[in-house]
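What the coordinates show
Residue-level listing of the chains:
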Amino acid sequence: MNKLTQYGWNTSWDHEWSKEDRSLLKPGRITADFGQMYRVYTSEGEVWGELSGKMKHTLQSGDPSPAVGDWVELQLLEGEGRGIIHGILDRKTSISRQKAGAKSAQEQLIAANVDILFLVTSLNDDYNPRRMERYLIMAWNSGVSPVILLSKADLCDDAEVKAAEMELIAPGVPVHAISALEDLGKDAVIGYLKEGVTVALTGSSGCGKSTIVNWLAGTSEQRTQGIREDDSRGRHTTTHRELFLLPQGGLMVDTPGMRELQLYDDDGGGWEQVFADIEAIGEGCRFADCQHINEAGCAVRVAVNAGEIDEKRLLNYRKTQRELQFQMKKEARSQRKMNRKDRSVKEPVRRKSSFWNSRLNEE
Ligand SMILES: Nc1nc2c(ncn2[C@@H]2O[C@H](COP(=O)(O)OP(=O)(O)OP(=O)(O)O)[C@@H](O)[C@H]2O)c(=O)[nH]1
Ligand SMILES: [Mg+2]
Ligand SMILES: [Zn+2]
């Protein structure tokens, strides 16, 4: 049987665990999330886990539900191959986005306790530097280290040019062109996989995330499917998040491709980090609140005209900024609403619609 340390347990988690009396509970790591049921890896092997009644209740009042990668407190039911989840250990990192379709600002966790995030984009029509900027904002906000993988290098003649472009928009972030089909770049990818290290994959549907899992695992762990001929888009083959233990050591979280990444900024400073170059040049603008559109004495415009900053990057800088500001306003609004409710309702607020139903339709 595999050891808990292979799943990422270490002295730091041990320390966290022993802070409270948990003698009747066992630590387990969530490896898959099926809505109401979870797969949980424990020292006794993998079991089904469901939330305790108390946890379900606190979730309804807004506490975050467990995500793939979370370490949980599990009460194992002897001989039943299942257990009850009583709590979540504090997350070291959490990758979040804004929940699709939500009216208020709502965080949706993609994975927890991830060390490295592979931002995958394929070198066909999927390739889009502006989208990569969005993914980078998410990565830096989550506290994980991003690595850019340019997949399907076999379909492209100028992989080096594209890799250089990525290095320009993401200074200091490693960029690797790979091809699972032609077994190219595998060593670079394996270099990130060490015992106990958790790597997650993210990117559009069809960019080849599940193919990467299979390529590294050397088996067909995950189902993959051809992309649509007419527009090169994927078919949303992967439908739930799952964590795999790889033969090289290390863990990999496969996720469903996103239709669009709506940013959820929890003030992690991701946006400032991604556009640090523009922010720095902007220091030289005459007006402190310069929007870098056509103001007099705008240092950013000068840099754009000199070809030092791509105009499209500047547009994305503004677009993502507006989005995050709008979202913060939404958040403030829903917070005010909550406060009003708190004053008027003594009983805990129960939501009418089923919490779990809404979770199942999330992607
Ligand atoms: N030419 C080429 N095709 C690849 C490569 N890697 C993956 N593909 C193909 O791309 C298609 C989509 O791959 P998947 O691995 O299913 O993509 P995904 O990112 O997991 O997609 P979702 O699960 O929908 O998010 C499949 O037909 C793969 O065979 C590659 O290196 N080269
Ligand atoms: Mg997939
Ligand atoms: Zn300016």
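Keep in mind the model is a prediction, meaning the values are calculated, not measured. (Residues numbered from 1 in each chain as written. Chains lettered and ligands numbered in written order. Predicted model: local features only at pLDDT ≥ 70, side-chain atom pairs only at ≥ 80, totals over all residues. Heavy atoms only, no water.)

A short note on the packing of helix α3 (residues 129–142) against helix α4 (residues 159–169)
Across the interface, α3 lies against α4 with an axial gap of 11 Å and an inter-helix angle of 45°. In terms of orientation, α3 and α4 fall into the oblique class. Judged by the twist between their axes, the crossing of α3 over α4 is right-handed. For the pair α3 and α4, the contacting residues are Pro129, Arg130, Met132, Glu133 and Leu136 in the first and Glu165, Met166 and Ile169 in the second. (Axes fitted to C-alpha atoms, helices over the stretch in contact; angles between N-to-C directions. Helix = DSSP H or I, 4+ residues; strand = E, 2+ residues; numbered from the N terminus. Parallel < 35°, antiparallel > 145°, perpendicular 65-115°, else oblique. Left-handed = near helix turned anticlockwise from the far one by under 90°. Contact = heavy atoms within 4.5 Å.)

Describing the packing of aromatic side chains
If you walk through the whole model with that rule in mind, you get 10 aromatic pairs. Judged by centre distance (4.8 Å) and plane angle (70°), the rings of tryptophan 9 and tryptophan 71 are edge-to-face. Here tryptophan 9 is found in the segment before α1 (11–17), whereas its partner tryptophan 71 is found in strand β4 (residues 71–77), with 62 residues between them in sequence. The same class applies to tryptophan 9 and to tryptophan 71, which are both buried. For the ring pair phenylalanine 118 and tyrosine 192, a centre distance of 5.6 Å and an interplane angle of 80° mean the geometry is edge-to-face. (Phe/Tyr/Trp six-rings, centres within 6.5 Å; stacked < 30°, edge-to-face > 60°. Buried < 20%, exposed > 50% of the residue type's maximum accessible area, 1.4 Å probe, protein only.)

Side note on the site of ligand 1
Surrounding ligand 1, one finds 22 residues, the nearest of these being Asp154, Ser205, Thr211, Thr237 and Thr238. Between an oxygen atom of ligand 1 and a side-chain N or O atom of lysine 209, the distance comes to 2.8 Å. Coverage of ligand 1 by the protein chains reaches 88% of its 660 Å² of free accessible surface. Taken together, the residues that form the shell around ligand 1 break down as five nonpolar, 14 polar and three charged. (Near = heavy atom within 4 Å. Polar contact = N/O pair within 3.5 Å; in protein donor to acceptor, adjacent residues only side chain to side chain. Areas by Shrake-Rupley, 256 points an atom, 1.4 Å probe, with all protein chains shown as cover. Nonpolar A, V, L, I, M, F, W, Y, C, P; charged D, E, K, R; others polar.)

Considerations on the coordination of the zinc ion (ligand 3)
At 2.1 to 2.4 Å from the zinc ion (ligand 3) lie its protein donor atoms, namely Cys285 (SG), Cys290 (SG), His292 (ND1) and Cys298 (SG). One way to put it: the four donor atoms around the zinc ion (ligand 3) meet at angles of 103 to 116°, and that makes the site tetrahedral. Considered as a linear motif, the donors of the zinc ion (ligand 3) on their single chain read C-x4-C-x1-H-x5-C. Accessibility classification places cysteine 285 together with histidine 292 in one group, the buried group. (Donors = N, O, S within 2.8 Å, 3.2 Å for Na, K, Ca; no water. Tetrahedral: all angles 85-135°; square planar, octahedral: opposite > 155°, others 65-115°.)

Things to note about the confidence of the model for the protein chain
Atom-level detail of predicted coordinates should not be read off regions where pLDDT is low. Averaged over every residue, the pLDDT of the protein chain is 87; residues scoring 70 or more account for 88%. The model gives residues 343–363 a pLDDT under 50, and that stretch makes 29 contacts with residues more than four places away or in other chains. (pLDDT = per-residue confidence, 0-100.)

Quick look at the pairing of strand β13 (residues 251–254)
Here β13 shows a buried face lined by Leu251 and Val253 and a second buried face lined by Met252 and Asp254. In terms of strand pairing, strand β11 (residues 198–202) meets β13 through three bridges, oriented parallel. For valine 199, the partnering residue across the bridge sits in β13 and is methionine 252. Direction of pairing for strand β12 (residues 242–245) relative to β13: antiparallel, over a ladder of four bridges. Residue pairing in the sheet places leucine 245 in a bridge with leucine 251 of β13. Linking β12 back to β13 in an antiparallel pair, the connection comprises five residues, with glycine 249 at a positive phi of about 90°. (Pairing = 2+ DSSP bridges.)

Thoughts on the layout of surface pockets
Looking at the second largest pocket, its volume works out to about 580 Å³. Classifying every residue of the lining of the second largest pocket by side-chain character gives five nonpolar, 11 polar and 13 charged. Split by domain, the lining of the second largest pocket shows at least three residues from each of two domains, domain 2 (94–254) and domain 3 (270–344). (1 Å grid on protein atoms, 1.4 Å probe; cavity = no way out; pocket = protein on both sides within 12 Å on 5 of 7 lines; lining within 4 Å. Points joined across faces, edges and corners; volume = space filled by probe spheres on them. Domains from an automatic or database assignment.)

Some remarks on the pattern of salt bridges
Inspection of every chain in the model, using the stated rule, returns 16 salt bridges. Between glutamate 73 and arginine 22 there is a salt bridge, and its shortest N-O distance comes to 2.4 Å. Of this pair, glutamate 73 sits in strand β4 while arginine 22 sits in the loop between α1 and β1 (26–33), placing them 51 residues apart in sequence. Comparing glutamate 73 with arginine 22 shows no difference in burial state: the two are buried. As a salt-bridge pair, arginine 130 and aspartate 310 come within 3.8 Å of each other at their nearest N and O atoms. One end of the pair, arginine 130, is in helix α3; the other, aspartate 310, is in the loop between α9 (299–305) and α10 (311–344), and 180 residues separate them in sequence. Given a relative accessible area of 37%, aspartate 310 falls into the partly exposed group. One salt-bridge network, in which partners are shared between bridges, spans Arg130, Glu133, Asp277, Asp310 and Arg313. (Salt bridge = Lys/Arg side-chain N within 4 Å of Asp/Glu carboxyl O.)

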